[in-house]
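The primary structure of each chain is shown beneath.
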Amino acid sequence: MPGETPMNCEDVRIRLLDYQRGRLTLPAQAEVRTHLNGCADCTRADAVEQELTSVLEHRLPQHPASLALRRRLAAEWPASATERSWWSRWKPSLVPAVAAAAVVLVAAPVLYYERAASRVASERAGMVAEAVNDHLRVLSSQHPLDIESGGLHQVKPWFEGRLDFAPVVPFEGDADFPLKGGAVGYFRDRKAAVFVYARRLHPISLLVFRADGLAWPARDLTRIGPVETHATAERGFNVIMWRRGELGYALVSDVDARELGRLAARMTASP
Ligand SMILES: [Zn+2]
């Protein structure tokens, strides 16, 4: 458009994934390319985003891969003085970019299944895949948490104004499963509150999001307290999902299924 200022770094970051997939208009595509040619920070972000996408697309081995993934990404990111500023500048544009990538990755396999029944099944599998991808995104970030936890009383108000719903957080953490912090993420097409707990050295992500319009599993349900949950495993991660009222919950971690079930029981215990 005439009279518009050239794209700044933020403009470029939120368009990176569309740029990588050639989905921008030709002028916008050219403008991003010009900016990348002259901006080392954005070029680096471009490379990291491609790497993350490639890690997710080629799926991870059937083994808890969080540490390997972290190491690999850390190796490609020499620890330098720019680390913090890189993150703080990149972070705002990372979240929507991640969401876009995740939606594309989940949506792509759906195209292969034309029949309604298999489409529903595949959407359901997509929800699990999405939950695992979101967890991996949190792990692969150098500074994964937008807020380090001083407890739920700090994390909860922080979300106000950052989400289009009020996340109901069912568990404030305890000695077994301390709450480490929170971040805003995405689950498919919607925003999600991400709470990160820990079990010893294992991070555990809890995604909270609006439950409507998703293909919730109707079979293979396990009752935990007052709710029906769907427990499954993918790529070495255990996933437990449930919905309660307007909200959906997805718990993801490489801790064993029994431990994750214990945490789910604490989360679903409150009325
Ligand atoms: Zn830039």
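As shown above, the structure is provided for reference.
Reading guide: rules and limits
Residues numbered from 1 in each chain as written. Predicted model: local features only at pLDDT ≥ 70, side-chain atom pairs only at ≥ 80, totals over all residues. Heavy atoms only, no water. Helix = DSSP H or I, 4+ residues; strand = E, 2+ residues; numbered from the N terminus. Expected span 1.5 Å × (residues − 1). Buried < 20%, exposed > 50% of the residue type's maximum accessible area, 1.4 Å probe, protein only. Contact = heavy atoms within 4.5 Å. Polar contact = N/O pair within 3.5 Å; in protein donor to acceptor, adjacent residues only side chain to side chain. Donors = N, O, S within 2.8 Å, 3.2 Å for Na, K, Ca; no water. Tetrahedral: all angles 85-135°; square planar, octahedral: opposite > 155°, others 65-115°.

1. Quick notes on helix α8 (residues 257-269)
When the terminal C-alpha atoms of α8 are compared, their 18 Å separation across 13 residues agrees well with the 18 Å that a helix rising 1.5 Å per residue should span. Here α8 has its buried residues at Glu-259, Leu-260, Gly-261, Leu-263, Ala-264, Met-267 and Thr-268. Tucked into the core, α8 has its buried residues touching β3 (190-199), β4 (202-210), β5 (221-224), β6 (227-234), β7 (237-244) and β8 (247-253). Its side-chain oxygen at 3.0 Å from the backbone nitrogen of Arg-258, Asp-256 defines the N-terminal cap of α8.

2. Some points on unusual backbone geometry
Positive phi, normally seen in glycine, also occurs at Asp-220, with a value near 55 degrees. According to the relative accessible area criterion, Asp-220 is exposed, its value standing at 63%. Non-glycine residue Arg-235 carries a positive phi angle of around 50 degrees. Within the secondary structure, Arg-235 is located in the loop between β6 and β7.

3. Some words on the coordination of the zinc ion
Put simply, the ideal angle at a metal is 109.5 degrees for four donors in tetrahedral geometry and 90 or 180 degrees for six donors in octahedral geometry. Note on the zinc ion: its protein donors are Cys-9 (SG), His-35 (NE2), Cys-39 (SG) and Cys-42 (SG). The metal-donor distances range over 2.0 to 2.3 Å. Angles of 102 to 113 degrees at the metal separate the four donor atoms of the zinc ion, which places the site in the tetrahedral class. For the zinc ion, the single-chain donor residues occur in sequence as C-x25-H-x3-C-x2-C. In this pair, the class of His-35 matches that of Cys-42, namely buried.

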